[in-house]
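# Structure assessment
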Amino acid sequence: MTKTIVRLAALLLLALPSLTGLQLPARGPLPDKRPESAAPSSDAVPGAEEQAKEPAELPTPQTRPRPSAADPAKPDQTERKPEAAPGQDNTRSKPQEPSSDVDGSKTPPSDKPGKPAKDSESAEQQPPPDPAPQPEEPKALAACLADLKAIGASFEQKAGIDDDGGCGIAAPIAVTKLLPDVTLEPEATLRCETALQLARMTRDMLKPAAESAFPDKPKLTGIRHASAYVCRNRNSAENGKVSEHAYGNAIDIAGLRFGEGEQPVMIARQDDGTAEAAFQRAFNAIACLYFTTVLSPGSDPTHQDHMHLDVIERKSGFRYCR
Ligand SMILES: [Zn+2]
């Protein structure tokens, strides 16, 4: 009997698991894992990506503005609309002016100088406690002046300029001629380096290029500029930094004069097949060999009728030519 009872008990024990579903635990993991791994992959990922992106992207716009604005801005910022009338470059001496220029550079309709500064801009202008004009290294300055003289430029050394807002030139020169036979019109106040690069470019590349482009024209006799030293902000800088014009590092070329009494060739974007267009394109490229920033006509809304050239120094010798 006991054996029979034991066998029955053993059979029951064997049968119980299948009857009570005790094997489920073994299968459980499969159905459980699938839904977990499958559902999340499609549902959670999108949300996770968005969540990951939001925090990552939101901050960047806030923190990047400066870096990204600084790089592209440097070129842009250095540029602005030329002065209304050539020769009146040195009339500005206050940092408020820049604000109107900054505006103008951003939106074509606001190009007009003399516009009231925006609140945000005026607020940004206060922070820039820029130091005094960048001092010139004596030996480099002496070498520059000697080279400029040797080229045949006509210029006069002026007293240092130290305007408000960080504007100024430690050792400015007033240039009237770049070469013995090429004037700079009107007289331009610049750092020696800017003038020297302009003179070298004119002598070595611009004159020969002009002679090739316009064989029937008289020779190049003058370069007309629209802006040299001017105390103003960079046109695209929202941090209130001043333009390279405010350091004597920049000049805006507005036109070239050939011979005497002939209408000057004005700087303008030209995409057609004329000699003028070919010359302008050559000029754009030539300028980048001598200047670290070149904003050619048509490069942006504020550069339709002049070329901005400056000698700003950037890391690794980077040049921005557009
Ligand atoms: Zn300029």
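Residues numbered from 1 in each chain as written. Predicted model: local features only at pLDDT ≥ 70, side-chain atom pairs only at ≥ 80, totals over all residues.

## Some thoughts on the overall build of the chain
What the chain contains, in helices and strands, is ten helices and eleven strands. Once local pairs closer than 6 in sequence are excluded, the contacts in the chain between residues at least 24 apart make up 66%. (Helix = DSSP H or I, 4+ residues; strand = E, 2+ residues; numbered from the N terminus. Contact = placed C-beta atoms within 7 Å.)

## What to know about the nonpolar core
Membership of the largest hydrophobic core comes to 51 residues, with the highest contact counts inside it found for Val-175, Leu-178 and Ala-195. Examining the composition of this core, we find that eight residues originate from one element, helix 9 (residues 192-213), more than from any other. Setting aside anything within four residues of it in sequence, one finds Ala-195 in contact with Leu-148, Ala-153, Phe-155, Ile-173, Val-175 and Leu-190. (Core = buried A, V, L, I, M, F, W, Y, C linked by C-beta atoms within 7 Å. Buried ≥ 20, exposed ≤ 12 C-beta atoms within 10 Å, placed from the backbone.)

## Observations regarding the pairing of strand 7 (residues 250-258)
Pairing of strand 6 (residues 220-227) with strand 7, which is carried by six bridges, proceeds in the antiparallel orientation. Within strand 7, the position partnered with Leu-220 by the bridge is Phe-258. Of the pairings in the sheet, the one linking strand 7 to strand 8 (residues 265-266) comprises two bridges and is antiparallel in character. Directly across from Gly-255, in strand 8, lies its bridge partner Met-266. The hairpin formed by strand 7 and strand 8 contains six residues between the paired strands, and Gly-259 there has a positive phi angle of roughly 65°. (Pairing = 2+ DSSP bridges.)

## A closer look at the environment of Lys-219
Note on placement: Lys-219 falls in the loop between helix 9 and strand 6. Overall, Lys-219 belongs to the exposed group, with 12 C-beta atoms counted inside 10 Å. With 37 residues separating them in the primary sequence, Lys-219 and Val-182 have C-alpha atoms 9.3 Å apart. Excluding residues that lie within four positions of it along the chain, Lys-219 makes contacts with Glu-211, Phe-258 and Gly-259.

## Overview of helix 9
Counted at 1.5 Å a residue, the expected span for helix 9 with its 22 residues is 32 Å, and the 29 Å between its end C-alpha atoms agrees. For helix 9, the principal kink sits at Thr-202 and spans about 45°. Buried within helix 9 we find Cys-192, Thr-194, Ala-195, Leu-196, Gln-197, Leu-198, Ala-199, Met-201, Thr-202, Leu-206 and Ala-210. (Expected span 1.5 Å × (residues − 1). Bend = angle between axes of the 7 residues up to and from the residue.)

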